[in-house]
Amino acid sequence: MDISGVALITGAASGIGAATAIALARDGCSGLALADINEESISKVMSQVQALGLPKQPRIHSYVLDVTDEKAVDRIVAEVAQAFGRIDYLVNAAGIAKKVPGGAAFTSTPDWQRVIDVNLTGSFFVLRAAAQVMLKQSPLLSTIDGRELQRGSIVNFASILGAVGVPMTTAYTASKHGVLGLTKTASEDYAAKGLRINAICPGYTETPMTMGNELVRDVMAEKVQKDVPMRRMGKPQEIADGVVYLCGGRSSFVTGTGLFVDGGYTQR
Ligand SMILES: NC(=O)c1ccc[n+]([C@@H]2O[C@H](COP(=O)([O-])OP(=O)(O)OC[C@H]3O[C@@H](n4cnc5c(N)ncnc54)[C@H](O)[C@@H]3O)[C@@H](O)[C@H]2O)c1
């Protein structure tokens, strides 16, 4: 995938963010900055990457970060840039989901606000801070053919719910539609400057977010049989492969797009 640079991943302690850390390390990234609100789990992911025993081991640092804390985001992105010298890929994977029975009419303001704060505003805070670093750095060169690839590549996390709505997901669906809008406008701002900004739009994927408890698992199994043409959920690694593609040199002419990795869900 032509991945030789330094990656900052938010939400790296679990699910798709953790799978992306492993995939980027396997594909040859030189540095990994793993950020998450969950300190204990982030250390476990760090150990998992170190245990891969790769011939070319990336440098890894972990950061405890709440993406809704604007000042902390600015401070930690600056620390990452200082520690690694540059930030080539930002993977904005931190996210939360909240289902509210009864839908929009029964969604409380705190529930709405928290989901928007983490998924949309948090993605904006990290994108803004990382873009400022990326815009100042020289472009990364391809390790395959030496061409100039990009000054930086940002992958935001939208969802199939960035394109369609399903019941009882008011704030989540609104936040993920917002992430696609943020991706499109920011990509236009910097396309000519060599900074690429895309979104990944996963379908139902086997992570703690979807498999957290038995009730959710049963509902999910039924949904998948009915709505997903491939009749299965995605694995975190399958989403991570899409993220690695969007980060790396193989997508050097791709910006402002949403890549749907969803077993066929959104073509219906
Ligand atoms: N699993 C799915 O089916 C699915 C589908 C579409 C989109 N997504 C999106 O993919 C991304 C990753 O989700 P996942 O399924 O791996 O979930 P997950 O729950 O396994 O991981 C999410 C991670 O984000 C972290 N996080 C939550 N709030 C945070 C905050 N304020 N600051 C920093 N970190 C925070 C959590 O600690 C956790 O480690 C999310 O943006 C999610 O919305 C997931």
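Quick caveat: nothing in here was measured; it's all calculated off a predicted structure.

Below, the discussion takes up the site of the ligand. As a matter of local geometry, the ligand sits amid 30 residues, with Ser14, Ile16, Asp36, Tyr172 and Thr207 nearest to it. Interatomic distance of 2.6 Å between a side-chain N/O atom of Ser14 and an oxygen atom of the ligand. Interatomic distance of 2.6 Å between a side-chain N/O atom of Tyr172 and an oxygen atom of the ligand. Alone, the ligand offers 830 Å² of accessible surface; in the complex the protein occludes 92% of this. The cavity where the ligand resides is the largest pocket. Looking at the shell around the ligand, the elements with two or more residues in it are helix H1 (15-26), helix H4 (109-136), helix H5 (170-190) and helix H6 (208-211). Take the shell around the ligand: its biggest share by element is 3 residues, from H6. Grouping the constituent residues of the shell around the ligand by class yields 16 nonpolar, 10 polar and 4 charged.

In the structure shown here, the tally under the stated rule is 1 cavity of 30 Å³ or more. Computed from the structure, the largest cavity encloses a volume of approximately 50 Å³. Surrounding the largest cavity, Lys98, Val100, Thr107, Asp111, Trp112, Val115, Met168, Thr169, Thr170 and Ala171 form its lining. The set of elements that each furnish at least two residues to the lining of the largest cavity consists of H4 and H5.

Turning to the packing of H1 against helix H8 (residues 236-247), a few remarks are in order. Following both chains from N to C, one finds H1 and H8 inclined at 60°, their axes separated by 8 Å at the closest point. The angle between the axes of H1 and H8 places the two elements in the oblique class. For H1 against H8, the interelement crossing comes out right-handed. Here H1 contributes Gly15, Ile16, Ala19, Thr20, Ala23 and Leu24 to the contact with H8, which in turn contributes Pro236, Gln237, Ile239, Ala240, Val243 and Val244. The class makeup of the residues in the contact of H1 with H8 is 9 nonpolar, 3 polar and no charged.

Next up on the list: the state of the cysteines. The full count for this structure, using the stated rule, is 0 disulfides. Free of any disulfide, Cys29 has its nearest neighbouring cysteine sulfur in Cys247, separated by 9.3 Å.

Of the voids in this model, the largest pocket is the one considered here, and its volume is about 1200 Å³. Taken together, 48 residues form the lining of the largest pocket, with Ile96, Ala97, Tyr172, Met209 and Thr210 sitting closest to its centre. Classifying every residue of the lining of the largest pocket by side-chain character gives 25 nonpolar, 16 polar and 7 charged. One number sums up the size of the second largest pocket: a volume of about 190 Å³. Lining the second largest pocket are 13 residues, with Gly234, Glu238, Val261, Asp262 and Gly263 positioned closest to its centre. For the lining of the second largest pocket, the per-class residue count stands at 6 nonpolar, 4 polar and 3 charged.

On to unusual backbone geometry, then. Of note, Asp2 is a non-glycine position whose phi angle comes to about 60°, a positive value. Mapped onto the fold, Asp2 is located in the segment before strand S1 (6-10). With a phi angle near 55°, Arg231 is a residue other than glycine that sits in the positive phi range. Relative to the elements of secondary structure, Arg231 occurs in the loop between helix H7 (214-227) and H8.

With that out of the way, let us pick up the side chain of Ser142. Among the secondary structure elements, Ser142 is positioned in the loop between strand S5 (140-141) and strand S6 (148-150). At 2.6 Å, the side chain of Ser142 and the side chain of Asp2 are in polar contact. Excluding anything up to four places from it in sequence, Ser142 contacts Asp2, Arg147 and Leu149.

Here we take up the nonpolar core. Counting 35 residues, the largest nonpolar core has Ile9, Leu24, Leu32, Leu34, Val91 and Phe157 as its most contacted members. In terms of residue count, the dominant contributor to this core is H1 (8 residues). If sequence neighbours within four positions are ignored, Leu24 has contacts with Ile3, Ala7, Ile9, Cys29, Leu32, Val91 and Val244. In terms of nonpolar packing, the next biggest core, distinct from the first, is built from 31 residues, Leu8, Ala35, Phe84 and Val133 among them.

Moving on, we come to the side chain of Lys223. When you line up the elements, Lys223 lands in helix H7. No salt bridge is formed by the buried Lys223; its nearest oppositely charged neighbour, Asp227, is found at 5.3 Å. Discounting residues that sit within four places of it in the chain, Lys223 has contacts with Tyr204 and Val228.

Rules and cut-offs
- Residues numbered from 1 in each chain as written.
- Predicted model: local features only at pLDDT ≥ 70, side-chain atom pairs only at ≥ 80, totals over all residues.
- Heavy atoms only, no water.
- Near = heavy atom within 4 Å.
- Polar contact = N/O pair within 3.5 Å; in protein donor to acceptor, adjacent residues only side chain to side chain.
- Areas by Shrake-Rupley, 256 points an atom, 1.4 Å probe, with all protein chains shown as cover.
- 1 Å grid on protein atoms, 1.4 Å probe; cavity = no way out; pocket = protein on both sides within 12 Å on 5 of 7 lines; lining within 4 Å.
- Sits in = over half its atoms within 2 Å of the grid points.
- Helix = DSSP H or I, 4+ residues; strand = E, 2+ residues; numbered from the N terminus.
- Nonpolar A, V, L, I, M, F, W, Y, C, P; charged D, E, K, R; others polar.
- Points joined across faces, edges and corners; volume = space filled by probe spheres on them.
- Axes fitted to C-alpha atoms, helices over the stretch in contact; angles between N-to-C directions.
- Parallel < 35°, antiparallel > 145°, perpendicular 65-115°, else oblique.
- Left-handed = near helix turned anticlockwise from the far one by under 90°.
- Contact = heavy atoms within 4.5 Å.
- Disulfide = S-S within 2.5 Å.
- Core = buried A, V, L, I, M, F, W, Y, C linked by side-chain atoms within 4.5 Å.
- Buried < 20%, exposed > 50% of the residue type's maximum accessible area, 1.4 Å probe, protein only.
- Lys, Arg positive; Asp, Glu negative; His and termini not counted.
- Salt bridge = Lys/Arg side-chain N within 4 Å of Asp/Glu carboxyl O.

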